[in-house]
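# Secondary and tertiary structure notes
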Amino acid sequence: MECAHYDAGRCRSCTLLPLPSPVRVQRSQDEIARLLTEATTASGTAPADTSGTAPADTSGTAPADASGEAAGIRWLPPVTGPDAGFRNKAKMVVSGTVNDPILGILDETGAGIDLRDCPLYPASVLRLLDAVPALIRRAQIPPYDVTRRRGELKHIIVTVSADSELMVRFVLRTPKPVARIREHLSVLTDAVDGVRVVSANIHPQHSAVLEGAEEIHIAGDRHLPMRQGRVTLQVLPRSFVQTNTAVAGQLYEQVAAWVNEIVASRDAGSAGEQAAGLRVWDLYCGVGGFALHVAAPGRAVTGVEVSAEAIASAQAAAAEAGLTADFHVADAAGWAAEQGQAGELPDVVVVNPPRRGIGALAAWLEDSGVADVIYSSCNPVTLARDLKQMPSYRVEAARMLDMFPHTAHAEVVVRLRRVS
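Conventions and cut-offs
- Residues numbered from 1 in each chain as written.
- Predicted model: local features only at pLDDT ≥ 70, side-chain atom pairs only at ≥ 80, totals over all residues.
- Heavy atoms only, no water.
- Helix = DSSP H or I, 4+ residues; strand = E, 2+ residues; numbered from the N terminus.
- Rg over C-alpha atoms; globule rule 2.2 N^0.38 Å.
- Buried < 20%, exposed > 50% of the residue type's maximum accessible area, 1.4 Å probe, protein only.
- Contact = heavy atoms within 4.5 Å.
- Core = buried A, V, L, I, M, F, W, Y, C linked by side-chain atoms within 4.5 Å.
- Pairing = 2+ DSSP bridges.
- Axes fitted to C-alpha atoms, helices over the stretch in contact; angles between N-to-C directions.
- Expected span 1.5 Å × (residues − 1).
- Domains from an automatic or database assignment.
- UniProt positions renumbered as here; feature names shortened; annotations may be inferred.

A word on the overall build of the protein chain. Within the protein chain one finds twelve helices and 17 strands. The C-alpha radius of gyration computed for the protein chain amounts to 23 Å, which stays within 12% of the reference 22 Å derived for 420 residues, consistent with globular compactness. Taken along its principal axes, the extent of the C-alpha atoms in the protein chain is 70 × 45 × 35 Å. Within the protein chain, buried positions represent 52% of all 420 residues. When contacts within the protein chain are restricted to residue pairs at least 6 apart in sequence, those whose partners lie at least 24 apart make up 68%.

Next comes the structure, spelled out in structure tokens:
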């Protein structure tokens, strides 16, 4: 990917941009393999039987290093996507003046750097970012001055679906500019097609946090429909959604394929009769991506998430798709412990925690007796730490997903099977 901002030293967010993508992906997978090998060795986890399996085809890159194979981990080919135009969410700091606003980031002195042409974003997002300054000028919304702690407009957050429909959020210090945004919104919507949701987020505190707790609907629908994989998610403004639509779809499909394998294995072990319906928990379910991909007739799927807004999104998506799944607003670890005490346990647990990992849930899973766990992680370091607390499970398969190109970050999903 070519980026004039990186070349000029104005923005170095894509820290590994000069590194060719195949090299970067392979290095990332090798590092993840090393972490998982150390974790499984430290925990005493028994290796999976890889006899008779061919080395994974890594699409032109070298196979994962021997440390991954030594731990008995079957690595599937890395999942990659486009190098440019892949990010479905833009988070722009607003600086400058009401008549000359700047959308981008702040430099070390607090001055704005305009990133409205950042190549990470698809064309529809770039067109919208180009149109936002005209609305700021017409509605006379002063950008927030970080050094003086004055002004109103802190951030512009734009989310785009695979169908180029847009959600636009104005992060404001107070609700005062909301009426003016409504009055002059046509300046934006007449210039850009596909604006589906418009809202204001109220963030009065002077802090590095991106947004506040209050959201005010301004125009359009309440949800943004976002296709990821074969499911259309219904995303509310404050809901988390995977930032790389192409790669996220393959992540969801991989988890669904592993659940199907678990079902097939259960049926094969039932003396020719179909096994009882599968019970699946999707913990840290967010807007329901995993739960809705594994939902199927005869399965009891339950999603748990602490965010009420995310659960509302998941319920709306399930209703729209005609899928059966239950969703609960609760702390995942606490909810699982309560269910276990009541004698309710699933056959499969899917976890997709924040970067900090699953914490106390690792110990609960270790003692639970649950046979199969699928763990999707955006932080391989905390994944490895959690695996050390789960020595009764072995990593049967793993897959690295290039969710965050040009950076050192990566998503990894592992299939775990209880062996003791």
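Once that is clear, we can look at the nonpolar core. Ranked by size, the top nonpolar core spans 44 residues in total, and within it Ile156, Phe170, Leu172 and Leu188 carry the most contacts. Breaking this core down by element, the ones donating at least two residues are strand 2 (89-96), helix 4 (123-139), strand 5 (153-160), strand 6 (166-172), helix 5 (178-184), helix 6 (186-189), strand 7 (195-202) and strand 8 (214-220). Broken down by element, the residue count for this core peaks at eight residues, all from helix 4. Cys285, Val287, Ala314 and Ala397 belong to the second largest nonpolar core, which has 43 residues in total.

Now for the sheet that holds strand 12 (residues 300-305). On the basis of which strands lie adjacent, the open sheet formed by eight strands has the order 1-16-17-15-14-11-12-13 and mixed pairing. Each of the sheet's edge strands pairs with one partner strand only, and the pair in question is strand 1 (74-75) and strand 13 (326-329). On the sheet, helix 9 (residues 308-321) packs against strand 12 and strand 13 and is oriented at approximately 170° with respect to strand 13.

Our next topic: helix 7 (residues 245-268). The end-to-end C-alpha separation of helix 7 is 35 Å, in line with the 34 Å expected for 24 residues at 1.5 Å each. Looking only at helix 7, the buried set comprises Thr245, Val247, Ala248, Gly249, Leu251, Tyr252, Gln254, Val255, Ala256, Trp258, Val259 and Ile262.

Another aspect to go through is the sheet that holds strand 7. Across the sheet, seven strands lie side by side as 4-3-2-5-6-7-8; this open sheet has mixed pairing. In this open sheet, the two edge strands, each paired with only one partner strand, are strand 4 (112-114) and strand 8. With strand direction ignored, the average angle separating the axes of adjacent strands in the sheet is 35°. Pairing geometry for strand 2 and strand 3 (residues 101-106), over four bridges, is antiparallel. Bridge pairing links Gly96 to Pro101 in strand 3. Sheet contacts for helix 4: strand 2, strand 3, strand 5, strand 6 and strand 7; angle to strand 5, the most-contacted strand, approximately 150°.

Okay, the domain arrangement of the protein chain next. Taken domain by domain, the protein chain consists of domain 1 (89-221) and domain 2 (245-418). Once you take the C-alpha centre of each, domain 1 and domain 2 turn out to be 35 Å apart.

The next subject is unusual backbone geometry. With the exception of glycine, most residues fall at negative phi, and the peptide bonds are largely trans. In this model, Tyr284 sits at a positive phi of 60°, which is unusual for a non-glycine residue. Taking the relative accessible area as the measure of exposure, Tyr284 reaches 16% and is therefore buried. Phi is positive for His406, close to 70°, though the residue is something other than glycine. Position of His406 among the secondary structure elements: in the loop between strand 16 (393-401) and strand 17 (411-418). With a relative accessible area of 1%, His406 lands in the buried category.

Turning next to the UniProt feature "domain: Methyltransferase" (unreviewed entry) in the protein chain. In this numbering, the UniProt entry assigns the feature "domain: Methyltransferase" (unreviewed entry) to residues 280-340. As annotated, residues 280-340 has a helix share of 48% and a strand share of 23%, and its two end C-alpha atoms lie 14 Å apart.

Below, the discussion takes up the UniProt feature "binding site: S-adenosyl-L-methionine" (unreviewed entry) in the protein chain. Here, the residues flagged by UniProt with the feature "binding site: S-adenosyl-L-methionine" (unreviewed entry) are Gln242, Tyr284, Glu305 and Asn352. With respect to the helices and strands, Tyr284 occurs in the loop between strand 11 (279-283) and helix 8 (289-294). Ignoring any residue separated from it by four or fewer positions in sequence, one finds Tyr284 in contact with Val304, Glu305, Ala332, Val351, Asn352, Pro353, Pro354, Ile358 and Leu361. With near-sequence residues (within four places) excluded, Glu305 lies in contact with Tyr284, Cys285, Gly286, Ala310, Ile311, His328, Val329 and Ala330.

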